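Residue-level structure breakdown
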Amino acid sequence: MESALKEQRGGESVLDLSPRATPAGGVEDVYGEDCATEDQLITPWTIAVSSGYNLLRDPRYNKGLAFTERERDAHYLRGLLPPVISTQELQEKKIMQSLRQYDVPLHKYVAMMELEERNERLFYKLLIDNVEELLPIVYTPTVGEACQKYGSIFKRPQGLYISLKEKGRILEVLKNWPERSIQVIVVTDGERILGLGDLGCQGMGIPVGKLALYTALGGVRPSACLPITIDVGTNNEQLLKDEFYIGLRQKRATGQEYYDFLHEFMSAVKQNYGEKILVQFEDFANHNAFELLAKYGTTHLVFNDDIQGTASVVLAGLIASLKLLGGSLADHTFLFLGAGEAGTGIAELIALEISKKTKYPVEETRKKIWLVDSKGLIVSGRKETLQSFKKPWAHEHEPVNNLLDAVKAIKPTVLIGTSGVGRTFTKEVIEAMASTNERPLIMALSNPTSQAECTAEEAYTWSEGRVVFASGSPFPSFEYNGKLNIPGQANNCYIFPGFGFGLVMSGTIRVHDDMLLAASEALAAQVTEEHFAKGMIYPPFADIRKISAHIAASVATKAYELGVATRLPRPANLVKYAESCMYTPNYRSYR
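Going along each chain's sequence as written, the residues are numbered from 1 onward. Residue-level local features of this predicted model are given only where pLDDT is at least 70; pairs of side-chain atoms are given and counted only at 80 or more, and the full residue set underlies all totals for whole chains, interfaces and linings. Side-chain numbers come from the whole structure's heavy atoms, not from hydrogens or water.

Some remarks on the UniProt feature "domain: Malic enzyme NAD-binding" (unreviewed entry) in the chain
Going by this rule: UniProt positions are given in the numbering used here, feature names are shortened, and annotations may be inferred rather than shown by experiment. Helix and strand definitions follow DSSP, with helices as H or I runs of at least four residues and strands as E runs of at least two, each counted in order from the N terminus.
Mapped onto the present numbering, the UniProt feature "domain: Malic enzyme NAD-binding" (unreviewed entry) falls at residues 307–560. Across residues 307–560 one finds 44% helix and 12% strand; the C-alpha atoms that close the span lie 24 Å apart.

Right, dumping it as structure tokens:
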């Protein structure tokens, strides 16, 4: 990936630590609360000590009925609460019981957001303890529907909205956010939300959801997270005519106007928060995503989850799947349906991993990987008309117009879908994969569920139960001929929370491809023989905090090796250090 982006940067590497566009400034370098301080008494400071009715309205410090008798007296809560004193565990049980009464996932999503607005620690306690049940609610697929209806369900700001109206004043807008020690920003311009297209300002649900997972799954404290939506307009006619739409009612800004606005944003972020602020780009359109990653990769700590996070989690599944498929990555042939930022990002990381293991140049290892876009197989005869990020994948071959013919011609062992178009892995395609492979690997990665290239049931049935299957959105287990198959979920949630946490805890100032490879290998190492026996190529989400700690430690290790980690001295045991730094949502005791 770095080798491809270097061409766009004129040969500059992220390790060159370019001084271009690097304004000074930022906040004090403090990594916040960790579990080692859980038993210490804290003071619930806001601008002054929070107490009484205001304390119950402060989501960071509110504990509801869990306030003790002494705390009720000390903080003027007597009479403001019913007399019963409840534990956090009982509150959790009550909320989960209430959530399970809802039949509509969006109603559960709204209830969870309302809980976060009134009791932050209980929200994260619920999410951590019930991650497999609640992950599809706060993230994909339900978050997609939430974004589509965000104008109707919007109640209070959960992040910053920076629109073209604020041009020339972005630094001032950033200073309006109440928290100062921000460590992770997730930003979107709403142009390519999941597989749903341009949702404009309503894309805010994505940064909000991602950062909730940074805390729950990766351990980054909530106060260090900032969701941002860049509103440059929308080309979605339906939204422009919607009386409840919350964004600018104009067509999208493009070209120089767009890039100047983004440059002001990136400069203001670094000036306000410093060199070590992680900016995660989320759901930008292909042409902008690659341009922004190439432009700011050498001057800022930036990460694109759609390009790099998706690539890393898919590579982890591929590495783990070798236990079931046999051979090494270099022995396999890969075919992608979809050649956008996700597809080309995954392809490049696979090529880099093969290059690393075989010592062959990456230009050579790319030849094991083929991509199909809307016009057919990407071949050298199409090179003149291809976008720059597709050109490395234009190999010598006669033209092929559709996926089925490409499968028959290339005879891949691995088929990966990143097209954003549902039901494109047809019965004929999967049967063709099964006819040339004893155990074909099929990854239908497009989100949400309705856009998946095929379902788990279809993949297992049409391959006569021989397929190794993973998807982007969750599918239920499926029994075929008496054997229970558990589909893998190649969900970015496995990677980005731990990856970002590793950058933050080590004070890393640039992202390098070797860190992505380290994250992939760390995730693959968490898949056990017991998981393989069930056909799984990813570990269960129930272990995600432990998984994230291992990923964070591997990423931090690589950062120290590359000389881009600034938190010194280096901790002796990075896994234990990661676990000790993780935010924990247990209630604290107040003076």
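Section: the domain arrangement of the chain
Selection rule: Bear in mind that the domain bounds are from an automatic or database domain assignment. For this analysis, residues touch if any pair of their heavy atoms sits within 4.5 Å. Values labelled buried area give the accessible surface lost by two parts on being combined, using a 1.4 Å probe and summing over both. A carboxyl oxygen of Asp or Glu within 4 Å of a side-chain nitrogen of Lys or Arg is what we treat as a salt bridge. Think of it as three bins: nonpolar holds Ala, Val, Leu, Ile, Met, Phe, Trp, Tyr, Cys and Pro, charged holds Asp, Glu, Lys and Arg, and polar takes everything else, Gly as well.
Partitioning the chain into structural domains gives domain 1 (52–119), domain 2 (141–304), domain 3 (309–490) and domain 4 (494–561). The C-alpha-based centres of domain 2 and domain 4 are spaced at 25 Å. Between domain 2 and domain 4, the contact holds 23 residues from the first and 17 residues from the second. Buried area between domain 2 and domain 4, summed over both chains or domains, comes out near 1,600 Å², and the portion from carbon and sulfur atoms is 70%. Interface area lost by domain 2 to domain 4 is led by Leu-217, Leu-301 and Phe-303, which between them contribute 34%. Here domain 2 is connected to domain 4 by 1 salt bridge. The shortest N-O distance in the salt bridge between Glu-275 and Arg-510 comes to 3.0 Å. For the side of domain 2 that touches domain 4, the secondary-structure elements that each account for two or more residues are α11 (205–216), β4 (278–281) and β5 (301–304). Considering every element that reaches the side of domain 2 that touches domain 4, the biggest residue donor is α11, with 5 residues. For the side of domain 2 that touches domain 4, the class distribution of residues is 10 nonpolar, 9 polar and 4 charged.

Side note on the packing of aromatic side chains
Basically, it comes down to this: Two rings belonging to Phe, Tyr or Trp (six-membered ring only in the last case) form a pair when the distance between their centres is within 6.5 Å. Interplanar angles under 30 degrees mark stacking, angles over 60 mark edge-to-face geometry, and anything in between is tilted. Between buried and exposed lies partly exposed: a residue is buried under 20% and exposed over 50% of the maximum accessible area for its type, with that area taken using a 1.4 Å probe on protein chains only. Placement of a positive charge over a ring is assigned whenever Lys NZ or Arg CZ falls within 6 Å of the ring centre and within 35 degrees of the normal to the ring plane.
Counted under the stated rule, the structure contains 15 aromatic pairs. Relative to Phe-496, the ring of Tyr-214 lies with its centre 5.2 Å away and its plane at 65°, an arrangement referred to as edge-to-face. Of this pair, Tyr-214 sits in helix α11 while Phe-496 sits in helix α21 (residues 496–506), and the two are 282 residues apart along the sequence. Summarising the burial analysis for this pair, Tyr-214 and Phe-496 share the class buried. A ring pair is formed by Phe-290 and Phe-389, whose centres lie 4.6 Å apart and whose planes are at 10°; its orientation type is stacked. Taken together, the residues span a long stretch of sequence, with Phe-290 in helix α14 (residues 286–296) and Phe-389 in the loop between β8 (376–377) and α18 (403–410) at a distance of 99 residues. Overall, Phe-290 belongs to the buried group, its relative accessible area being 9%. For Phe-389, a relative accessible area of 11% gives the class buried. By the ring-pair criterion, three or more aromatic residues cluster together here, those being Tyr-460, Phe-469, Phe-475 and Phe-478. The lysine or arginine in question, Lys-63, covers the ring of Tyr-590, its NZ or CZ lying 4.7 Å from the ring centre. Between Arg-366 and the ring centre of Trp-393, over which it is positioned, the NZ or CZ distance is 5.8 Å.

Structural notes on the nonpolar core
Condition: We call a set of buried Ala, Val, Leu, Ile, Met, Phe, Trp, Tyr and Cys residues a nonpolar core when their side-chain atoms join them within 4.5 Å.
Counting 122 residues, the largest nonpolar core has Ile-350, Met-443, Phe-499 and Tyr-538 as its most contacted members. Tallying contributions element by element places helix α24 (residues 544–562) first for this core, with 10 residues. Membership of the second largest hydrophobic core comes to 37 residues, among which are Ile-185, Tyr-258, Ala-268 and Leu-292.

Concerning the side chain of His-512
Put simply, the rule reads: The term polar contact refers here to a pair of N or O atoms within 3.5 Å; inside protein, the definition further demands a hydrogen-donor-capable atom paired with an acceptor-capable atom, and it admits residues adjacent in sequence only when both atoms are side-chain atoms.
Mapping His-512 onto the fold places it in the loop between α21 and α22 (513–524). A polar contact of 3.0 Å, which involves the side chain of His-512, links it to the backbone nitrogen of Asp-514. Beyond its immediate sequence surroundings of up to four residues, His-512 is in contact with Val-14, Leu-15 and Leu-562.

Some words on the pairing of strand β9 (residues 414–417)
Where we set the bar: Pairing between strands is defined by DSSP: at least two bridges between them are needed. Consider the strands pointing away from the viewer: the crossover is right-handed when the path from the first strand over the helix to the second runs clockwise.
Both faces of β9 are covered, namely the face carrying Val-414 and Ile-416 and the face carrying Leu-415 and Gly-417. Of the strand pairs in this sheet, strand β6 (residues 334–337) and β9 are connected by 4 bridges, and their pairing is parallel. Across the sheet, Leu-335 pairs through a bridge with Leu-415, a residue of β9. Bridge analysis of β9 against strand β10 (residues 441–444) gives 4 bridges, and the strand direction is parallel. Bridge pairing links Val-414 to Leu-441 in β10. Note that the unit made of β9, helix α19 (residues 427–436) and β10 has a crossover that is right-handed.

Let's talk about the sheet that holds β6
Across the sheet, 7 strands lie side by side as β8-β7-β6-β9-β10-β11-β14; this open sheet has mixed pairing. The open sheet has two free edges, formed respectively by β8 and β14 (488–489), since each of these has just one partner strand. Inspection of the sheet shows strand β7 (residues 369–373) paired to β8 by 2 bridges, in the antiparallel sense. The residue bridging Asp-373 from the neighbouring strand is Gly-376, located in β8.

Concerning the sheet that holds β4
The condition that has to hold: Interaxial angles span 0 to 180 degrees and are taken between N-to-C directions of axes, which are lines fitted to C-alpha atoms, for helices over the stretch in contact.
Judged by pairing direction, the sheet is parallel, and its 5 strands sit side by side in the order β1-β3-β2-β4-β5 without closing on themselves. Two strands close off the open sheet at either side, each with one partner strand: β1 (160–163) and β5. Pairwise comparison of adjacent strand axes, ignoring direction, gives a mean angle of 25° for this sheet. Across 4 bridges, the pairing between strand β2 (residues 184–188) and β4 is parallel. By the bridge assignment, Val-187 is partnered in β4 with Phe-281. In this fold helix α15 (residues 305–325) packs onto β4 and β5, with an angle of close to 70° to the strand it touches most, β5.

Considering the packing of helix α16 (residues 341–358) against α22
Selection criterion: Angular relationships are summarised with four words: roughly parallel below 35 degrees, roughly antiparallel beyond 145, roughly perpendicular across 65 to 115, and oblique for the angles in between.
It is at 11 Å that the axes of α16 and α22 come closest, and there the two elements cross at 85°. Judged by the angle between their axes, α16 and α22 are roughly perpendicular. Residues Leu-349, Leu-352, Glu-353, Lys-356 and Lys-357 of α16 form the contact with α22, whose participating residues are Asp-513, Leu-516, Leu-517, Ser-520 and Glu-521.

What to know about the packing of helix α6 (residues 120–129) against α11
It is at 10 Å that the axes of α6 and α11 come closest, and there the two elements cross at 75°. Looking at the two axes, α6 sits roughly perpendicular to α11. Along its contact with α6, which presents Phe-123, Tyr-124, Leu-127 and Ile-128, the element α11 presents Leu-211, Ala-212, Leu-213, Thr-215 and Ala-216. When grouped by side-chain class, the residues that make up the contact of α6 with α11 number 8 nonpolar, 1 polar and no charged.

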